[in-house]
Amino acid sequence: METTDRETVDVKRGAIEIREAVTDDLQAIVDLLADDPLGKRREAPGPPRHAAYDEAFAALSADPNHLLTVATRDNVVIGCMQVSFIPGLSHCGAWRGQIESVRIAASARGLGLGRTLVRWAIEQCRARGCRLVQLTTDRTRADARRFYETLGFTASHDGMKLGL
């Protein structure tokens, strides 16, 4: 995979390392996913942690078209996101990047870390030759929508989902 292995960036109040997640990061990632009103309803951080998280982590780690990323400060995970690289036939065979599950620890919000992570993801997509970067955000997350709009994302499509 042609991604940056590790990158250190400065945000308010110190240096943050952005890197690919390793197995030891998994519980911290799951805890971040569960740490909001929507996550509290749909995640199962444990203890014990639901085995499906370990299976998903293994699948993501083994597939070069997925990048599970963490942001750390002093070796503590304070942010995460997933970037997927998707081939397609539309747009003349364009690859697109899909950003998912951007989460910042409550203790690190307001430092500019979310903006830094998303910009980093966009650069990873650009480096992989993607011609489009997309994401979805739940309609109840009005602040998240405004945040993504400040980064240049537009609500150009209506997303639809079907739970199975």
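For clarity, every value in this text was computed on a predicted model and none was experimentally measured.

K.L.:
Just to check I follow, could you spell out the packing of helix H5 (residues 113-127) against helix H6 (residues 142-150) for this structure?
P.N.:
Two packed helices can be described by the angle between their axes and the distance between those axes. As a packed pair, H5 and H6 sit with axes 11 Å apart at the nearest point and diverge in direction by 55°. As the angle between them shows, H5 and H6 are arranged oblique. As for how H5 packs across H6, the hand of that crossing is right-handed. Every residue of H6 that contacts H5 at Gly114, Arg115 and Val118 is listed here: Phe147, Tyr148 and Thr150.

K.L.:
Sorry if this is basic, but what is going on with the side chain of threonine 72 here?
P.N.:
Mapped onto the fold, threonine 72 is located in strand E3 (residues 66-73). For threonine 72, a relative accessible area of 3% corresponds to the buried category. With near-sequence residues (within four places) excluded, threonine 72 lies in contact with Ala15, Ile16, Glu17, Arg19, Val77 and Ile78.

K.L.:
I keep staring at the pairing of strand E5 (residues 96-104) and nothing clicks. Help me out?
P.N.:
Looking down a regular strand, the side chains alternate between one sheet face and the other. The element E5 is extensively covered by neighbouring structure, given that 7 of its 9 residues are classed as buried. Relative to E5, strand E4 (residues 76-86) runs antiparallel, the two being bridged by 7 bridges. Looking at the pairing, serine 84 lines up with glutamine 98 of E5. Summarising the sheet, E5 and strand E6 (residues 132-135) pair through 4 bridges and their orientation is parallel. Looking at the pairing, arginine 96 lines up with leucine 132 of E6.

K.L.:
Looking at this model, I keep getting lost on unusual backbone geometry. Mind explaining?
P.N.:
For residues besides glycine, phi is generally negative; the peptide bonds are generally trans as well. In this structure, the amide linkage connecting glycine 46 to the following residue, proline 47, adopts the cis form with an omega of 5°. Here proline 47 shows up in the loop between helix H2 (37-42) and helix H3 (51-62). Residues proline 47 and proline 48 are joined by a peptide bond in cis, for which omega reads -10°. Structurally, the position occupied by proline 48 is in the loop between H2 and H3. Non-glycine residue aspartate 74 carries a positive phi angle of around 55°. Under the relative-accessibility criterion, aspartate 74 is labelled exposed at 69%.

K.L.:
For this particular structure, what's the right way to read the pattern of salt bridges?
P.N.:
For side chains of opposite charge, pairing can occur when their charged atoms come near one another. Summed over all chains, the structure comprises 11 salt bridges. When the shortest N-O distance is used, the salt bridge between aspartate 36 and arginine 103 registers 3.4 Å. One end of the pair, aspartate 36, is in the loop between helix H1 (26-34) and H2; the other, arginine 103, is in strand E5, with 67 residues separating them in the sequence. Given the relative accessible area of 10%, aspartate 36 is considered buried. Of the charged contacts, one joins arginine 146 and aspartate 143 as a salt bridge, the two residues approaching to 2.2 Å between their closest N and O atoms. Placement of both arginine 146 and aspartate 143 in helix H6 is noted, with a separation of 3 residues, approximately one turn of the helix. Accessibility expressed as a relative area gives 57% for aspartate 143, which makes it exposed.

Cut-offs used in this document
Residues numbered from 1 in each chain as written. Predicted model: local features only at pLDDT ≥ 70, side-chain atom pairs only at ≥ 80, totals over all residues. Heavy atoms only, no water. Axes fitted to C-alpha atoms, helices over the stretch in contact; angles between N-to-C directions. Helix = DSSP H or I, 4+ residues; strand = E, 2+ residues; numbered from the N terminus. Parallel < 35°, antiparallel > 145°, perpendicular 65-115°, else oblique. Left-handed = near helix turned anticlockwise from the far one by under 90°. Contact = heavy atoms within 4.5 Å. Buried < 20%, exposed > 50% of the residue type's maximum accessible area, 1.4 Å probe, protein only. Pairing = 2+ DSSP bridges. Salt bridge = Lys/Arg side-chain N within 4 Å of Asp/Glu carboxyl O.

Shape is all these values report; function is a separate question.
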